[in-house]
Amino acid sequence: MRYKCIVSYDGYNYKGFQVQPGEVTIEICLKEAIKMMLHKDVKIYPAGRTDAMVHAIGQVIHFDLDLNIKPEAIKNGLNSFLPRDIRIVDASIVDESFHARFSAKKKEYHYLVKQREPSVFENRYMAYYKNLDIDLMNEALRMLCGKHNFKGFCSGSVNPLKDFEKTIYEAKIIKDGDYLRFIFIGSGFLKYQIRRMMGLVLEIGAKRDSLETITRVFNERDPGISHKIAPGYGLYLMKVYYD
């Protein structure tokens, strides 16, 4: 049986999703919970690998079991072994052709910014930037939309043979008082891509950089130009779309 789970987590205390030797990650916690519940090692496949301190509302994983267990039992059982900052919010049985990563059509990420200093109850969940020009940032987001080579907006450690062409279908800002929610919906995102885009957009909003830098990053494809990386704790994987 192939199981699909939607996972929500507070990523602040974790070194990202992917297993890393000597580090506590989301994947390690999920694998340990499955092992404690089923007394066996199970390989899990995520829709994507979030960075250190990045949160998720709708991360998706799948795994295969040679057991027929009701999805509700999977959900409740895993939650009983998981830390309180990692939750299975939904579980279902899917066709064996489903793949959490390769079946995904679009991904939606949000980045949260507060324009006044966050309280002690907020500073793990949003970045702080003041005196931002929203019109300038909206223009920057419009320039990022469409199909582009995003090599200049990703980590320099990404395999050079990787396909750097991605499509951003929508990028916008929703303002609510002192809070700004940046929304990105795209075909997929490279390592650090959203955080590098956000770093530059916020610098443009603070008038410490210009819109022309976006064009330069696209033309020169040099990650050194988009060197400002927004903090991981402001970023959320909100939803993975499969149709």
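Residues numbered from 1 in each chain as written. Predicted model: local features only at pLDDT ≥ 70, side-chain atom pairs only at ≥ 80, totals over all residues. Heavy atoms only, no water.

A.B. asks: I would appreciate a short explanation of the overall build of the protein chain in the present structure.
C.D. replies: When its secondary structure is counted, the protein chain shows five helices and 10 strands. In summary, the protein chain has a C-alpha radius of gyration of 19 Å against a globular reference of 18 Å for 243 residues, a match within 12%. Every one of the 243 residues in the protein chain was classed for burial, and the buried ones make up 51%. Accessible surface computed for the protein chain: about 12200 Å², of which carbon and sulfur atoms make up 48%. Averaging the locations of the 37 positively and 30 negatively charged side chains of the protein chain gives two centres separated by 1 Å. (Helix = DSSP H or I, 4+ residues; strand = E, 2+ residues; numbered from the N terminus. Rg over C-alpha atoms; globule rule 2.2 N^0.38 Å. Buried < 20%, exposed > 50% of the residue type's maximum accessible area, 1.4 Å probe, protein only. Areas by Shrake-Rupley, 256 points an atom, 1.4 Å probe, with all protein chains shown as cover. Lys, Arg positive; Asp, Glu negative; His and termini not counted. Charge placed at Lys NZ, Arg CZ, Asp CG, Glu CD.)

A.B. asks: In this structure, what is going on with the nonpolar core? I would like to understand it.
C.D. replies: It is characteristic of soluble globular proteins that their nonpolar side chains tend to be buried jointly. Ranked by size, the top nonpolar core spans 74 residues in total, and within it Leu30, Phe63, Ile74 and Phe182 carry the most contacts. In contact with Phe63, not counting residues within four places along its chain, are Met1, Arg2, Tyr3, Cys5, Ile34, Val42, Lys43, Ile44, Ile74 and Leu78. (Core = buried A, V, L, I, M, F, W, Y, C linked by side-chain atoms within 4.5 Å. Contact = heavy atoms within 4.5 Å.)

A.B. asks: Looking at this model, I keep getting lost on helix α4 (residues 193–205). Mind explaining?
C.D. replies: Since the α-helix packs 3.6 residues into each turn, any two residues three or four apart lie on the same face. With 13 residues, α4 should cover 18 Å at 1.5 Å per step; its first-to-last C-alpha distance of 18 Å lies within 8% of that length. Looking one or two places after α4, you find Lys207, whose phi comes out positive at around 60°. (Expected span 1.5 Å × (residues − 1).)

A.B. asks: I would appreciate a short explanation of a positive patch on the surface in the present structure.
C.D. replies: A cluster of basic residues, Lys43, Arg49, Arg101 and Lys162, forms a positive patch on the protein surface. The topology assignment puts Arg101 in the loop between β4 (86–94) and β5 (106–114). (Patch = residues over 30% accessible without salt bridge, like charges linked within 9 Å, V, L, I, M, F, W, Y side chains within 5 Å. Salt bridge = Lys/Arg side-chain N within 4 Å of Asp/Glu carboxyl O.)

A.B. asks: Quick question: what am I supposed to make of the environment of Phe150 here?
C.D. replies: Here Phe150 lies in the loop between β7 (146–149) and β8 (165–176). Under the relative-accessibility criterion, Phe150 is labelled buried at 0%. Sequence spacing of Phe150 and Tyr12 is 138 residues, and the spatial spacing of their C-alpha atoms is 26 Å.

A.B. asks: Help me out: how do you make sense of helix α3 (residues 134–144) in this one?
C.D. replies: For α3, every residue scored as buried is listed here: Met137, Ala140, Leu141 and Leu144. The arc that holds the buried residues of α3, viewed along the axis, is 100°, so those residues lie on one side. Opposite the buried face of α3, by more than 90 degrees, sit the exposed residues Asp135 and Arg142. On the buried face of α3, the contacting elements are β7, β8, β9 (179–186), α4 and α5 (212–220). Between a side-chain oxygen at the N-terminus of α3 and the backbone nitrogen of Asp135 the separation is 3.0 Å; the capping residue is Asp133. Positive backbone phi, approximately 105°, marks Gly146, located one or two places after α3. (Arc of directions from axis to C-beta. Polar contact = N/O pair within 3.5 Å; in protein donor to acceptor, adjacent residues only side chain to side chain.)

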